[in-house]
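Topology and contacts: notes
Chain residues, written in single-letter form:
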Amino acid sequence: MASEEGTELIDKIEVMGNFVAGGEVTVKMTVNHAYPVPVHIACYVENQNLVTEDKEDVVFHERATLVGEEFLDTALSAGQPLNPDDEVAKKTYSYSFTVDTPGTYFIACITPAAPDNGIGRTFTVRAS
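This structure is a prediction, so every number in the text was calculated from the model and none was measured.

**Quick look at the overall build of the protein chain**
The helix and strand inventory of the protein chain stands at two helices and nine strands. Counting helices and strands in the order they occur from the N terminus, the protein chain gives β-β-β-α-α-β-β-β-β-β-β. Summarising its shape, the C-alpha atoms of the protein chain cover approximately 50 × 30 × 20 Å along the three principal directions. The proportion of buried residues among the 128 residues of the protein chain is 41%. Positive and negative side-chain charges of the protein chain, numbering 8 and 20 respectively, have mean locations separated by a distance of 8 Å.

**Re the pattern of salt bridges**
Two side chains of opposite charge can pair, provided their charged atoms sit close to one another. Taken as a whole and assessed by the stated rule, the structure comprises four salt bridges. For the salt bridge of K12 with E14, the shortest nitrogen-to-oxygen distance reads 3.9 Å. The shortest N-O distance in the salt bridge between R63 and E46 comes to 2.8 Å. One end of the pair, R63, is in helix α2 (residues 60-63); the other, E46, is in strand β3 (residues 39-47), and 17 residues separate them in sequence. When its relative accessible area of 9% is taken as the criterion, E46 is described as buried. The network of salt bridges with common partners includes K12, E14 and K28.

**Examining the state of the cysteines**
Taken as a whole and judged by the stated rule, the model has one disulfide. Disulfide pairing places C43 opposite C109 at an S-S distance of 2.0 Å. With the S-S bond torsion at 105 degrees, the cross-link from C43 to C109 turns out right-handed. Here the residue C43 occupies a position in strand β3, and C109 occupies one in strand β8 (residues 103-111), the gap between them amounting to 66 residues. Of the two residues, C43 and C109, both sit in the buried class.

**Section: the sheet that holds β3**
Strand order in the open sheet made by the four strands is β4-β3-β8-β9, with antiparallel pairing throughout. The open sheet has two edge strands with one neighbour each: β4 (65-72) and β9 (114-125). Neighbour-to-neighbour, the strand axes of the sheet open up by a mean angle of 15 degrees, direction not taken into account. Here β3 runs beside β8; their pairing, made up of six bridges, is antiparallel. Paired with N47 across the bridge in β8 is Y105.

**Focus on a negative patch on the surface**
Taken together, the side chains of E53, D54, E56 and D57 make up a negatively charged region of the molecular surface. Structurally, D54 is set in helix α1 (residues 53-56). Classification of D54 as exposed rests on a relative accessible area of 64%.

**Regarding the nonpolar core**
Residues V27, M29, F97 and F123 are the most contacted members of the largest nonpolar core, which totals 24 residues. What F97 contacts, discounting residues up to four positions off in sequence, is G23, E24, V25, V27, V45, V67, I107 and F123. The next biggest cluster of nonpolar side chains, apart from the first, holds seven residues, and it includes A42, F60, A64 and I110.

**Details of the pairing of β9**
Pairing geometry for β8 and β9, over nine bridges, is antiparallel. Bridge pairing links A108 to G120 in β9. Remark: two residues form the turn of the hairpin made by β8 and β9, two consecutive strands paired antiparallel.

What counts, and at which threshold
Residues numbered from 1 in each chain as written. Predicted model: local features only at pLDDT ≥ 70, side-chain atom pairs only at ≥ 80, totals over all residues. Heavy atoms only, no water. Helix = DSSP H or I, 4+ residues; strand = E, 2+ residues; numbered from the N terminus. Buried < 20%, exposed > 50% of the residue type's maximum accessible area, 1.4 Å probe, protein only. Lys, Arg positive; Asp, Glu negative; His and termini not counted. Charge placed at Lys NZ, Arg CZ, Asp CG, Glu CD. Salt bridge = Lys/Arg side-chain N within 4 Å of Asp/Glu carboxyl O. Disulfide = S-S within 2.5 Å. Pairing = 2+ DSSP bridges. Axes fitted to C-alpha atoms, helices over the stretch in contact; angles between N-to-C directions. Patch = residues over 30% accessible without salt bridge, like charges linked within 9 Å, V, L, I, M, F, W, Y side chains within 5 Å. Areas by Shrake-Rupley, 256 points an atom, 1.4 Å probe, with all protein chains shown as cover. Core = buried A, V, L, I, M, F, W, Y, C linked by side-chain atoms within 4.5 Å. Contact = heavy atoms within 4.5 Å.

Next up, the structure:
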């Protein structure tokens with residue numbers, strides 16, 4: 001499961017918006033992409049109050065709702081692939097979505113090929 005600390009690829013995520021049922025929420029993901037290969041990054045959200053015992057056995061990114069994704073090309077400098085430790089300009093991606101029901105939500109931005117490589121946050125949605 002995604003941690004709350006940044007990784008070498010996903011520097012941070014921020015969750016903001018109207019935290020009431022029916023409100024719009026935005027996740028902002030800051031990426032430090034210096035990988036010498038293409039990378040797929042995706043953000044998923046779920047209402048933890050609605051996760052049943054059966055659903056807990058399903059991998060998070062297969063049971064949660066996709067709110068946004070990016071397919072990043074190989075990171076290059078002067079035509080040559082970069083290394084993950086290289087300094088690059090960070091890029092920010094934002095995705096907005098609506099939360100329909102009150103509850104405790106978990107959002108994670110991960111690399112689906114390696115789901116432990118990501119960042120997660122919990123937020124609470126109140127009744128309107």
